[in-house]
Amino acid sequence: MNFMASKQPENSLLGPEADSQRTLYPYVTGTSVVALKYKDGILMAADMGGSYGSTLRYKSVERMKSIGKHSLLGASGEISDFQEILRYLDELILYDNMWDDGNSLGPKEVHNYLTRVMYNRRNKFNPLWNSLVLGGVKNGQKYLGTVSMIGVNFEDNHVATGFGNHLARPILRQEWHENLSYEDGVRLLEKCMRVLLYRDRSAINKLQIAKITEEGTTISRPYSLKTYWEFSAFANPAQGAVGTW
Amino acid sequence: MAVEQANLCTPQDAAVVRTLRVFRDPHVDRELEPATVLIIITKHVMSSPSLNFQTQISGLILSLSFSGQRNMSNSVIEVPPKGGFSFDLCKRNEMLAKKGVNPPSFRKTGTTIVGLVFQDGVILGADTRATEGPIVCDKNCEKIHYMAPNIYCCGAGTAADTEAVTDMVSSQLQLHRYHTGRESRVVTALTLLKRHLFNYQGHVSAALVLGGVDVTGPHLHTIYPHGSTDTLPFATMGSGSLAAMAVFESKYKEGLTRNEGIELVTEAICSGIFNDLGSGSNVDVCVITKGGKEYLRNHLQPNPRTYTNSKGYSFPKKTEVLLTKIIPLKEKVEIIEGGDAMEE
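Residues numbered from 1 in each chain as written. Chains lettered and ligands numbered in written order. Predicted model: local features only at pLDDT ≥ 70, side-chain atom pairs only at ≥ 80, totals over all residues. Heavy atoms only, no water.

Focus: the sheet that holds strand E15 (residues 293-300) of chain B
Residue and element names in this part refer to chain B.
Then step 1. A sheet is described by the order of its strands in space; here five strands give the open sequence E13-E4-E5-E14-E15, paired in antiparallel fashion. Since the sheet does not close on itself, it has two edges, and those belong to strand E13 (234-237) and E15, each with one partner. Mean inter-strand twist for the sheet, computed between neighbouring axes without regard to direction, equals 15 degrees.
Then step 2. Across seven bridges, strand E5 (residues 121-127) lies against strand E14 (residues 283-289) in antiparallel orientation. When the bridges of E14 are listed, valine 122 appears paired with isoleucine 288.
Then step 3. Strands in contact with helix H7 (residues 241-251) are strand E4 (113-117) and E13; relative to E13, the strand with the most contacts, it is inclined by about 165 degrees.
Then step 4. Set on the sheet, helix H8 (residues 258-275) makes contact with E4, E5, E14 and E15; between it and E5 the angle comes to about 25 degrees. (Pairing = 2+ DSSP bridges. Helix = DSSP H or I, 4+ residues; strand = E, 2+ residues; numbered from the N terminus. Axes fitted to C-alpha atoms, helices over the stretch in contact; angles between N-to-C directions. Contact = heavy atoms within 4.5 Å.)

Encoded structure:
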């Protein structure tokens, strides 16, 4: 029989002070971000909800921000970690500007920087609890990539985080094609966001769509999608058998 | 009487023991018969709303012992077999799982199943892949099960559970048809299925999409393993349900024609097949209308074998053929015809 007077901590290698600094679970979270490449650049959509567990705590959280001249970052997951990432990127862009060499960090470079940050934090068992979407255009080259909280990164023609992977990616795989026009792109994104609104419990009907092209970034004003609830089966589900549910 | 020594684990057990004490007539010096005890206890079980009570009661019964004057001296009463599922080992399994000993993985149909109501009836669709953990064990299985001539049911979850449950309810429906002399109704199948599944508290892992057309019209229902049901105009279940639901939510409208409906169902199943790893192979469709049903097995085969050798497989000729004359073996025993060594 093993008589142990004190309980051994599982992370005994790190020492007692490391515990208070590590992210264990997210508190205020944002739900999915969906983005796709279109003819002139990148279109990205995210709703404006910040949930605190199962409560909808904040309804005006801007989860997409422009980075430097050429990039647009959207994040899902812990909002405070997103704000920390924005601070890191701010510093990065500031230093880049201070060089004043006519060159500026493009989306590919920012994506790489984010990947390194996320992966190194994960290796220290202290992750930034976010799934990021990074899109941008530089010198005519469109770029759209994603980084997850454990450092998985890749680039693709259309990406989504969280529930968007399950609900929006299938639609995008089927209907995305090269050289979408702006209207078609917005329509496709709205289709995805509508499905997410119907089927994701943490989604709210207040979203923003952001566009980034060679000229610059525009983040739209918040607006809501039209939803349809008039199916006859919804009106009277017990039609076939009275008293059922 | 050793009733007092019963293991009182919950307030309900205490209530039962109290009832037993009341029944023991103080004026007649006679022990309570075991049968009486059983009746009292059964009455308590029937009236209690939760089924967890059952396991506690069986524990309680076994801890009673009757030291009566009759032939039952110090014998534990024989509990008649309850039949059906015994939940006794579930706690043990949970404990083992916590220690890292997992039960063997069973054949699941990691699946995409869908149903939708169109103008004249109901269309059901399913993929055809059955998985055993990470392995595909059946590339072309049938997930749309027959319930009645006018009712079909798609099943996701553990393959054995979906097959057994749908078979069982299908037979019950047929007996009911003979009894009533009428066509089966979808709500009948629904109620039989949900009662059975609720009874087993989710351990029968069958998630079903039930659809059919009866005298009251076309109906589509989903049934979850714990026994809850929904009535919906379009429904998806299984691991690929999100991918299929994305297609439905964006493209479904009321009053679809038959061909539009089949196309939408096929599209939804394909979305599941190509975006979900638990679903794959072919698309099965079943169209049910007032006139009858049409079971389109392998309606679409979007995953054919791409490279097949036209010459087939030629086995290498390694063994040399020495002789092509067949010499029969010499018979040592004479065979008598019609020997009945084992009479049936």
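Looking at the packing of helix H4 (residues 182-199) of chain A against H7(B)
Then step 1. Packing of H4(A) against H7(B) brings their axes to within 9 Å, and their N-to-C directions diverge by 110 degrees. Here H7(B) runs roughly perpendicular to H4(A), going by the angle between their axes. Two secondary-structure elements touch here, H4(A) through Lys191(A), Val195(A), Tyr198(A) and Arg199(A) and H7(B) through Met245(B), Ala246(B), Glu249(B), Ser250(B) and Lys251(B).
Then step 2. Considering only residue class, the contact of H4(A) with H7(B) consists of four nonpolar, one polar and four charged. (Parallel < 35°, antiparallel > 145°, perpendicular 65-115°, else oblique. Nonpolar A, V, L, I, M, F, W, Y, C, P; charged D, E, K, R; others polar.)

Some thoughts on the packing of aromatic side chains
Then step 1. Evaluated as defined, the whole model comprises 11 aromatic pairs over all chains.
Then step 2. Arranged with centres 5.4 Å apart and planes meeting at 80 degrees, the rings of Phe231(A) and Phe234(A) form a pair that is edge-to-face.
Then step 3. Three or more aromatic residues link up through ring pairs in this structure, and these residues are Tyr228(A), Phe231(A), Phe234(A), Phe234(B), Phe248(B) and Tyr252(B).
Then step 4. The side chain of Lys211(A) reaches across the aromatic face of Tyr182(A), ending 5.4 Å from its centre. (Phe/Tyr/Trp six-rings, centres within 6.5 Å; stacked < 30°, edge-to-face > 60°. Lys NZ or Arg CZ within 6 Å of the ring centre and 35° of its normal.)

A word on the pairing of strand E6 (residues 64-67) of chain A
Residues and elements named next belong to chain A.
Then step 1. With four bridges joining them, E6 and strand E7 (residues 71-78) adopt antiparallel strand pairing. Within the sheet, the bridge partner assigned to serine 66 lies in E7 and is leucine 72.
Then step 2. Between E6 and the antiparallel strand that follows it, E7, lie three residues; glycine 68 among them carries a positive phi value of about 60 degrees.

Description of the nonpolar core
Then step 1. In terms of nonpolar packing, the biggest core is built from 40 residues, with Leu116(B), Ile123(B), Leu124(B), Phe248(B), Tyr252(B), Val265(B) and Val285(B) touching the most fellow members.
Then step 2. Listing elements by their share of this core, those giving two or more residues are E4, E5, strand E9 (151-158), strand E10 (206-214), E13, H7, H8 and E14 of chain B.
Then step 3. When residues in this core are grouped by element, the largest group, seven residues, is from H8(B).
Then step 4. The contacts of Val265(B), once residues within four sequence positions are left out, are Val114(B), Leu116(B), Ile123(B), Leu124(B), Gly125(B), Phe248(B) and Val285(B).
Then step 5. In terms of nonpolar packing, the next biggest core, distinct from the first, is built from 23 residues, Leu36(A), Ala45(A), Ile171(A) and Cys192(A) among them. (Core = buried A, V, L, I, M, F, W, Y, C linked by side-chain atoms within 4.5 Å. Buried < 20%, exposed > 50% of the residue type's maximum accessible area, 1.4 Å probe, protein only.)

Some remarks on the confidence of the model for chain A
Then step 1. Confidence in the prediction for chain A averages 89 pLDDT; 89% of positions are at 70 or higher.
Then step 2. Of the regions scoring below 50 in pLDDT, residues 1-12 of chain A engages in two contacts with residues more than four places distant in sequence or in other chains. (pLDDT = per-residue confidence, 0-100.)

Regarding the side chain of Lys138(A)
All names here are of chain A.
Then step 1. If you trace the backbone, lysine 138 turns up in strand E8 (residues 130-138).
Then step 2. It turns out lysine 138 is buried and unbridged, and the closest side chain with the opposite charge, glutamate 109, is 4.2 Å from it.
Then step 3. A distance of 2.8 Å separates a polar atom in the side chain of lysine 138 from the backbone oxygen of serine 104.
Then step 4. Residues contacting lysine 138, with those up to four places away along its chain left out, are His70, Asn103, Ser104, Gly106, Pro107, Glu109 and Glu214. (Lys, Arg positive; Asp, Glu negative; His and termini not counted. Salt bridge = Lys/Arg side-chain N within 4 Å of Asp/Glu carboxyl O. Polar contact = N/O pair within 3.5 Å; in protein donor to acceptor, adjacent residues only side chain to side chain.)

Structural notes on helix H1 (residues 79-99) of chain A
Residue and element names in this part refer to chain A.
Then step 1. If you check H1, its first and last C-alpha atoms are 31 Å apart, about what 21 residues at 1.5 Å a residue would give, namely 30 Å.
Then step 2. Those residues of H1 that sit buried are Ile79, Asp81, Phe82, Ile85, Leu89, Ile93 and Asp96. The buried residues of H1 occupy one face: seen down the axis, they fall within an arc of 140 degrees. Residues of H1 that are exposed and angled more than 90 degrees away from the buried face: Arg87, Asp90 and Met98.
Then step 3. Elements that come into contact with the buried residues of H1 comprise strand E1 (28-30), E6, E7, helix H2 (107-123) and E8.
Then step 4. Immediately downstream of H1, the backbone of aspartate 100 shows phi near 50 degrees, a positive value. (Expected span 1.5 Å × (residues − 1). Arc of directions from axis to C-beta.)

Some remarks on the sheet that holds strand E12 (residues 207-213) of chain A
Residues and elements named next belong to chain A.
Then step 1. Strand order in the open sheet made by the five strands is E11-E2-E3-E12-E13, with antiparallel pairing throughout. In this open sheet, the two edge strands, each paired with only one partner strand, are strand E11 (158-160) and strand E13 (217-219). Each neighbouring strand pair of the sheet contributes to a mean axis angle of 10 degrees, computed without reference to strand direction.
Then step 2. Contacting strand E2 (33-37) and E11, helix H3 (residues 163-175) runs over the sheet at an angle of about 165 degrees to E11.
Then step 3. Those strands touched by H4 are E2, strand E3 (41-47) and E12, and its axis lies near 25 degrees from that of E3.

A few points about the interface of chain A and chain B
Then step 1. Across the boundary between the two partners, chain A contributes 21 residues, which contact 24 residues of chain B.
Then step 2. At the junction of chain A with chain B, the criterion picks out two salt bridges.
Then step 3. Among the salt bridges present, the one from Arg199(A) reaches Glu249(B), with a minimum N-O distance of 2.8 Å.
Then step 4. At the boundary of chain A and chain B, one finds five residue pairs in polar contact (both at pLDDT 80 or more).
Then step 5. For the side of chain A that touches chain B, the secondary structure elements donating two or more residues are H3, H4 and helix H5 (232-235) of chain A.
Then step 6. For the side of chain A that touches chain B, the per-class residue count stands at 12 nonpolar, four polar and five charged.

Looking at the side chain of Asn298(B)
Then step 1. With respect to the secondary-structure elements, Asn298(B) resides in strand E15.
Then step 2. What Asn298(B) contacts, discounting residues up to four positions off in sequence, is Thr128(B), Asn140(B), Asn282(B), Val283(B) and Asp284(B).

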